[in-house]
Amino acid sequence: MNGIEKWLAKRGVSVDDVAEIVYTLQRPYNADLTIEECEVSVRAVLEKREVQYVLYTGIALDELAERRLLPEPLQAIMEKDESLYGVDETLALGITNVYGMIGLTSFGYLDKVKPGIIRQLNLKGEKIHVFLDDLVAGLAAAASARIAHGDPKANQYHLPESP
């Protein structure tokens, strides 16, 4: 388990949790897809430094809010998980965009439906996951888009030699 996987695990998120969401997203389009391929895709996205930096930032902000170390009014905003805050979604878009627009549309769906671990993180409890629920949705969306981009059965279009 690498550094970012340890950070996620400390917050209750495993690669398997994210892979299950990826599988649900891509299975309708790829009947041969396995959960193992989804895990590989999640780990491939997690290897990108820009993704790690986004995750580290969001997780750190959630942890600081839990310890009540943020200045007001940010502390109150985080504690209430204000619906108009939007910075959490904006940060997550840094992950979704790694594999193009398909990641963005998948993220919107996941942010609305909140399946699996995303729903668990979104529940109000002892921990603050203002950022992490959206970051996990972004991670799943990017891993799903990565699979879609690599599907060998996808239609290929080529430009003609000359107009």
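Parameters at a glance
Residues numbered from 1 in each chain as written. Predicted model: local features only at pLDDT ≥ 70, side-chain atom pairs only at ≥ 80, totals over all residues. Heavy atoms only, no water. Helix = DSSP H or I, 4+ residues; strand = E, 2+ residues; numbered from the N terminus. Rg over C-alpha atoms; globule rule 2.2 N^0.38 Å. Buried < 20%, exposed > 50% of the residue type's maximum accessible area, 1.4 Å probe, protein only. Contact = heavy atoms within 4.5 Å. Lys, Arg positive; Asp, Glu negative; His and termini not counted. Charge placed at Lys NZ, Arg CZ, Asp CG, Glu CD. Salt bridge = Lys/Arg side-chain N within 4 Å of Asp/Glu carboxyl O. Expected span 1.5 Å × (residues − 1). Arc of directions from axis to C-beta.

Caption draft 1: A look at the overall build of the protein. Within the protein, the secondary structure is distributed over nine helices and zero strands. Counting from the amino terminus, helix and strand elements in the protein follow one another as α-α-α-α-α-α-α-α-α. Compactness check: the protein gives a C-alpha radius of gyration of 17 Å against a globular reference of 15 Å for 163 residues, within 12% of the reference. In terms of principal-axis extent, the alpha carbons of the protein reach across some 60 × 35 × 30 Å. Within the protein, buried positions represent 42% of all 163 residues. Contacts in the protein between residues far apart in sequence, at least 24 positions, make up 73% of those at least 6 positions apart. Put simply, the protein has 17 plus and 25 minus side-chain charges, and the middle of one group is 3 Å from the middle of the other.

Caption draft 2: Examining unusual backbone geometry more closely. The omega torsion across Glu 72 and Pro 73 is 5 degrees, close enough to zero to call that bond cis. Here Pro 73 shows up in the loop between α4 (49-66) and α5 (74-80). Even without being glycine, Lys 114 reaches a positive phi, approximately 55 degrees. Relative to the helices and strands, Lys 114 resides in the loop between α7 (101-113) and α8 (117-122).

Caption draft 3: Representation of the pattern of salt bridges within the structure. Evaluated as defined, the whole model comprises six salt bridges. Here Arg 43 ties to Glu 5 by a salt bridge, and the two come within 3.1 Å at their closest N and O atoms. Here Arg 43, found in helix α3 (residues 35-46), pairs with Glu 5, found in helix α1 (residues 3-10); they are 38 residues apart in sequence, far enough to count as distant. Here Glu 63 makes a salt bridge to Lys 10, at a shortest N to O gap of 3.2 Å. In this pair, Glu 63 is assigned in helix α4 and Lys 10 in helix α1, connecting sequence segments 53 residues apart. Linked by salt bridges that have partners in common, Lys 10, Arg 11, Glu 63 and Glu 66 make up one network.

Caption draft 4: Expanded view of α7. The end-to-end C-alpha distance of α7 is 19 Å, a good match for the 18 Å that 13 residues give at a rise of 1.5 Å each. Every buried residue of α7 is accounted for by Gly 103, Ser 106, Phe 107 and Leu 110. Around the axis of α7, the buried residues are gathered within 110 degrees of arc, so they sit on the same side. For α7, the exposed residues set more than 90 degrees away from the buried face come down to Met 101, Thr 105 and Lys 112. On its buried side, α7 packs onto α2 (15-26), α6 (87-96), α8 and α9 (132-150).

Caption draft 5: Quick peek at the side chain of Arg 11. Examined against the element boundaries, Arg 11 turns out to sit in the loop between α1 and α2. For Arg 11, a relative accessible area of 5% corresponds to the buried category. If we ignore the near neighbours within four places in the chain, the residues touching Arg 11 are Ile 59, Asp 62, Glu 63, Glu 66, Leu 121, Lys 127, Ile 128, His 129 and Leu 132.

Caption draft 6: Spotlight on α9. Here α9 contains 19 residues, and its C-alpha end-to-end distance of 27 Å stays within 8% of the 27 Å for a straight helix at 1.5 Å per residue. Most of α9 is tucked away, with 15 of its 19 residues classed as buried.

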